[in-house]
Amino acid sequence: MAKKNQNEVAKKVLYRIKPYWFALTGALILALVQVAMTLYIPILVGQAIDFIIDKGSVAFEPMFEKLVQVGICALVAALAQWLMSQINNFVTFRVTRDIRNEAFRHIQVLPLSYLDSHPQGDTVSRVISDVDTFADGLLMGFTQLFTGIMTIAGTLILMLTIRPSV
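In what follows, the accompanying structure is described.

Cut-offs and rules
- Within each chain, residue numbers correspond to sequence positions counted from 1 in written order.
- In view of the model being predicted, local features appear only for residues whose pLDDT reaches at least 70, and side-chain atom pairs are presented and counted only at 80 or more, with totals across whole chains, interfaces and linings using the full set of residues.
- Note: side-chain values were computed over all heavy atoms of the structure, leaving out hydrogens and water.
- Strands are runs of DSSP state E lasting at least 2 residues, helices are runs of H or I lasting at least 4, and numbering of each runs from the N terminus.
- Contacts are assigned to residue pairs with any non-hydrogen atoms lying within 4.5 Å of each other.
- Here a salt bridge means any side-chain nitrogen of Lys or Arg lying within 4 Å of a carboxyl oxygen belonging to Asp or Glu.
- Only protein chains enter the accessibility calculation, which uses a 1.4 Å probe; a residue is then buried when its area is under 20% of its type maximum, exposed when over 50%, and partly exposed in between.
- Remark: nonpolar core denotes a set of buried residues (Ala, Val, Leu, Ile, Met, Phe, Trp, Tyr, Cys) joined through side-chain atoms within 4.5 Å.
- By this rule, a helix spans an expected 1.5 Å times one less than how many residues it contains.
- The convention used is that axes are lines fitted to C-alpha atoms, helices contributing only their stretch in contact, and that angles between N-to-C directions extend from 0 to 180 degrees.
- Roughly parallel here means an angle under 35 degrees, roughly antiparallel means over 145, roughly perpendicular means 65 to 115, and every remaining angle is called oblique.
- The hand of a helix crossing depends on one turn: near helix anticlockwise from the far one by less than a right angle means left-handed, and clockwise means right-handed.
- Amino acids outside the nonpolar list (Ala, Val, Leu, Ile, Met, Phe, Trp, Tyr, Cys, Pro) and the charged list (Asp, Glu, Lys, Arg) are all regarded as polar, and Gly is one of them.
- Stacked, tilted and edge-to-face pairs are distinguished by plane angle, under 30 degrees for stacked and over 60 for edge-to-face with tilted covering the rest, among Phe, Tyr and Trp rings (Trp via its six-membered ring) whose centres lie within 6.5 Å.
- Residues with no salt bridge and a relative accessible area higher than 30% make up the patches, which join like charges within 9 Å and nonpolar side chains (Val, Leu, Ile, Met, Phe, Trp, Tyr) within 5 Å.
- Computed with the Shrake-Rupley method and a 1.4 Å probe, the accessible areas treat only the protein chains shown as cover for residues.

Focus: the side chain of Thr-147
(1) Moving on: Along the polypeptide, Thr-147 turns up in helix H5 (residues 122–162).
(2) Moving on: Apart from the residues lying within four places of it in its own chain, the contact partners of Thr-147 are Ala-31, Gln-34, Val-35 and Met-84.

So, in structure tokens, the structure goes:
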């Protein structure tokens, strides 16, 4: 029974998000860029450390080039993460706005007997707090789901690429 309810809720959430699929695709691409840069930085740092040959024997020029690449990757990752959060905020705001508008349209056609039997403001208060809770969950879900899945997949791919025999 609980599984059926979860599936129904998931379908309703996906239905609400559907008009903003283009923005979510952009957020997914930005999450991929951010995760790729984040995972590539330790590789570059390792390569920079390899230029420290011995005490007093350091190849500073190639090491500096690697560190510049680290800085560029960090900037690209930060920009991608910021843009992704902006897109996620945009989608979350629009979805919650749509839900609130639909709820208030529904409240306007409720019978007076329903409104008279409930405390003044109770219905509107419930709508507002429930939609806010939904918005918080949606925003957190977008942000953590996108980056979490891609980080796990990217880490596995890098590990298997660097050392497939293990």
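So, the pattern of salt bridges
(1) Moving on: Across all of its chains, the model carries 3 salt bridges by this definition.
(2) Moving on: For Arg-97, the salt bridge identified is with Asp-98, shortest N-O distance 3.3 Å.
(3) Moving on: What makes Asp-98 partly exposed here is its relative accessible area of 25%.

Here we look at the nonpolar core
(1) Moving on: Core analysis: the largest hydrophobic core is formed by 23 residues, its most contacted members being Ile-17, Leu-24, Val-91, Val-95, Phe-142 and Phe-146.
(2) Moving on: Breaking this core down by element, the ones donating at least two residues are helix H2 (21–49), helix H3 (60–108) and H5.
(3) Moving on: In contact with Val-91, other than residues within four places in its own chain, are Tyr-20, Ala-23, Leu-24 and Phe-142.

Regarding H2
(1) Moving on: For H2, spanning 29 residues, the distance from its first C-alpha to its last is 43 Å, which sits close to the expected 42 Å at 1.5 Å a residue.
(2) Moving on: Within the sequence span of H2, burial applies to Ala-23, Leu-24, Gly-26, Ala-27, Leu-30, Ala-31, Gln-34, Val-35, Leu-39, Ile-41, Leu-44 and Ala-48.

Focus on the packing of H2 against H3
(1) Moving on: Packing of H2 against H3 brings their axes to within 8 Å, and their N-to-C directions diverge by 160°. Here H3 runs roughly antiparallel to H2, going by the angle between their axes. By crossing handedness, the relation of H2 to H3 is classed as left-handed.
(2) Moving on: Broken down by class, the residue content of the contact of H2 with H3 amounts to 25 nonpolar, 7 polar and 1 charged.

With respect to the packing of aromatic side chains
(1) Moving on: Following the criterion strictly, the structure yields 2 aromatic pairs and no others.
(2) Moving on: Ring geometry for Tyr-20 versus Phe-90: centroids 6.5 Å apart, planes at 90°, classification edge-to-face. Taken together, the positions of Tyr-20 in the loop between helix H1 (2–17) and H2 and Phe-90 in helix H3 put the pair 70 residues apart, joining distant regions of the chain.
(3) Moving on: Classification of Tyr-20 by relative accessible area gives buried; the value is 13%.
(4) Moving on: A residue is classified by how much of its surface remains accessible, and Phe-90, at 36% relative accessible area, is partly exposed.
(5) Moving on: Their ring planes at 90° and their centres at 5.7 Å tell us that Trp-21 and Phe-22 sit as a pair that is edge-to-face.

Side note on a nonpolar patch on the surface
(1) Moving on: Taken together, the side chains of Ile-29, Val-33, Phe-64, Val-68, Ile-72 and Val-76 define a hydrophobic patch exposed on the protein surface, amounting to about 500 Å² of accessible area.
(2) Moving on: Listed by contribution, the elements that provide at least two residues to the nonpolar patch are H2 and H3.
(3) Moving on: Per-element tally for the nonpolar patch: the top contributor is H3, with 4 residues.
(4) Moving on: Mapped onto the secondary structure, Val-33 falls in helix H2.

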